[in-house]
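# Secondary and tertiary structure notes
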Amino acid sequence: VCALVLSANPCLTGQQVRDIIEQTSQKVGGYSYTTTAGRPNGTWNSQMGYGLVDAYAAVQMAQSMGSADLDLMVKDSQDDTGAEPNTVTQYMWTSDNIWVRNNNDSGLTHENPDYSANGNPNYVKVRVINKSCVASTGSEQLKLYWAKASTALGYPNPWMGGINHPTTGASMGNPVGTLTIPIIPAGGETILTFPWQVPNPANYGTDGDQWHFCLLTRIEATSDPMTFSETGDLNANVRNNNNIAWKNVTVVDILPNNVVNPGGVVAVGNPFNDPKTFFLELE
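Here goes a summary of the coordinates provided. In this numbering scheme, every chain counts its residues from 1 along its sequence in written order. Restriction of local features to residues with pLDDT of at least 70 applies here, the model being predicted, together with a cutoff of 80 or more for giving and counting side-chain atom pairs; totals for whole chains, interfaces and linings are based on all residues. Hydrogens and water molecules were not included; the side-chain quantities draw on all heavy atoms of the structure.

Time to look at the overall build of the protein. Each helix and strand in the protein was counted, giving 4 helices and 10 strands. For the purposes of this entry, the term helix denotes a DSSP run of H or I that reaches at least four residues, the term strand denotes a run of E that reaches at least two, and both are numbered from the N terminus. Taken from N to C terminus, the helices and strands of the protein fall in the order α-α-β-β-α-β-β-β-β-β-β-β-α-β. Projected onto the principal axes, the alpha-carbon positions of the protein cover approximately 70 × 60 × 35 Å. Of all 283 residues assigned to the protein, the portion counted as buried reaches 41%. By definition, residues are in contact when any of their heavy atoms lie within 4.5 Å. For the protein, the share of sequence-separated contacts (at least 6 apart) that also reach a separation of at least 24 residues comes to 68%. Taken as a whole, the protein presents about 14700 Å² of accessible surface, with 51% of it coming from carbon and sulfur. Relative accessibility under 20% of the residue-type maximum defines a buried residue, over 50% an exposed one, and the middle range a partly exposed one, all with a 1.4 Å probe and only protein chains included. Accessible areas in this description were obtained via Shrake-Rupley with a 1.4 Å probe; residue shielding takes into account the shown protein chains only.

Right, let's get into the side chain of Asn242. Topologically, Asn242 is positioned in the loop between helix 4 (234-240) and strand 10 (244-250). The residues touching Asn242, leaving out its near neighbours within four places in the chain, are Asp71, Leu72, Met73, Val74, Gly82, Glu84 and Lys131.

With that settled, the discussion passes to the pattern of salt bridges. Throughout this description, the term salt bridge denotes a Lys or Arg side-chain nitrogen within 4 Å of a carboxyl oxygen of Asp or Glu. Applying the stated criterion across every chain, the model contains 8 salt bridges. Of the charged contacts, one joins Asp71 and Lys131 as a salt bridge, the two residues approaching to 3.6 Å between their closest N and O atoms. With Asp71 in the loop between helix 3 (55-63) and strand 3 (72-73) and Lys131 in the loop between strand 5 (122-130) and strand 6 (141-148), this pair connects stretches of sequence that are 60 residues apart. Lys143 is the salt-bridge partner of Glu220, the closest N and O atoms lying 3.1 Å from each other. One end of the pair, Glu220, is in strand 9 (residues 212-220); the other, Lys143, is in strand 6, with 77 residues separating them in the sequence. Among the residues examined, Glu220 registers a relative accessible area of 27% and is labelled partly exposed.

For the rest of this paragraph, the subject is unusual backbone geometry. Here the residue pair Tyr155 and Pro156 is connected by a cis peptide bond, since its omega of 10° sits within 30 degrees of zero. Relative to the helices and strands, Pro156 is located in the loop between strand 6 and strand 7 (173-180). The linkage connecting Asn157 with the following residue, Pro158, adopts the cis geometry, with an omega of 10°. Along the chain, Pro158 falls in the loop between strand 6 and strand 7.

For the rest of this paragraph, the subject is the pairing of strand 8 (residues 189-196). Only one face of strand 8 is buried, namely the one carrying Thr190, Leu192, Phe194 and Trp196, since none of Glu189, Ile191, Thr193 and Pro195 on the opposite face is buried. As defined by bridge partners, strand 5 adjoins strand 8 across 8 bridges and the pair is classed as antiparallel. Looking at the pairing, Asn122 lines up with Trp196 of strand 8. Here, strands pair whenever DSSP counts at least two bridges between them.

Our next topic: the packing of aromatic side chains. Any two aromatic rings considered together are summarised by their centre-to-centre distance and by the angle between their planes. Classification of ring pairs uses Phe, Tyr and Trp, with its six-membered ring standing for Trp, and accepts pairs whose centres are within 6.5 Å; under 30 degrees between planes counts as stacked, over 60 as edge-to-face, and the remaining range as tilted. All told, the structure shown has 5 aromatic pairs when counted by the stated rule. Centre to centre, the rings of Tyr91 and Trp93 are 5.3 Å apart; their planes meet at 40°, and the pair counts as tilted. Note on Trp93: relative accessible area 33%, which makes it partly exposed. The structure contains a cluster of three or more aromatic residues connected by ring pairs, namely Tyr91, Trp93 and Trp246. Charge-over-ring placement is defined geometrically: NZ (Lys) or CZ (Arg) within 6 Å of the ring centre, and within 35 degrees of the ring normal. The positively charged end of Lys148 is found above the aromatic ring belonging to Phe213, 5.4 Å away from the centroid. Looking at Lys276, its charged tip hangs above the ring of Phe272, at a distance of 5.0 Å from the centre.

This next bit is on the layout of surface pockets. Buriedness of a pocket was judged along seven lines, with at least five required to meet protein on both sides within 12 Å; pockets are open sets of points on a 1 Å grid over the protein atoms alone, cavities are sets where a 1.4 Å probe fits but cannot get out, and lining residues have an atom within 4 Å of a point. Grid points are joined across faces, edges and corners, and a volume is the space filled by probe spheres set on the points. Reported here for the largest pocket is a volume of approximately 510 Å³. Along the walls of the largest pocket sit 23 residues, with Gln63, Ser64, Gly82, Ala83 and Glu84 positioned nearest its centre. By the convention adopted, Pro, Cys, Tyr, Trp, Phe, Met, Ile, Leu, Val and Ala count as nonpolar, Lys, Arg, Asp and Glu as charged, and the other residues, Gly among them, as polar. Tallied by class, the residues present in the lining of the largest pocket amount to 5 nonpolar, 11 polar and 7 charged. Approximately 420 Å³ is the volume found for the second largest pocket. If you go around the second largest pocket, you meet 12 residues; those closest to its centre are Trp93, Thr94, Thr250, Val266 and Glu283. Top contributing element to the lining of the second largest pocket by residue count: strand 10, with 3 residues. Tallied by class, residues from the lining of the second largest pocket come to 7 nonpolar, 4 polar and 1 charged.

Take the pairing of strand 9 next. Walk down a regular strand and you will see the side chains alternate between the two sheet faces. Summarising burial for strand 9: 8 of the 9 residues are buried, a large majority. Examined bridge by bridge, strand 9 and strand 10 share 7 bridges and lie antiparallel to one another. Opposite Phe213, over in strand 10, you have Val249 as the bridge partner.

Here it is in structure tokens:
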């Protein structure tokens, strides 16, 4: 099991290998496992130790830790370890490593993007993490795109531009910009900032969904290529490659700019044949 773990991740120290094997062991034998002083990697039994070694689980944990090859990532969710494909994130369009600030400040929480008739930009923040045990080169690039949501988004369009709204002619997506990622040490991270001219929701009809937009970020680097080739299936691209992350956003109108129906809409339906009482909880 040690050999398998090290073959999956040769960067690990001996202590890390030991910790992985102990933490992923399965409790077997019908014995009572309890918290024991000096045994920090889980519950313990004096006859069974931490339990039965689980080679598969140990290798999975090793793969989620720093590798010898450069591996930059933008998390899809808090639980995302960077494993490819990502099997832990339920919805791929909710990355909290992408967030919007109405002003170019150091805030770490997401603010709804605010359309400005005066052309004042919002600022998109993207956290890039180096999950490998080697430093990045400083030549890697981070690209950001926006697109109108609720349009069965594929790839590369409408993110690259050239697709317009069928009624109003407004652009359905475009690149926001490209930034060079500074050198990130092994296990480190950095936050990059893009100014973004938030589209006017009023340019997208009056169907009650014109406030709904998406942001997409991609790390492009010869030293850290996509693990899985990208296809027209955007959801699969994001799930398969930790270089790509996606966030849906709601455009609001903090200052009156004559935006049509600003803000999010929640539709509630009854899929059953009988009348039912439903409770809607907003978090």
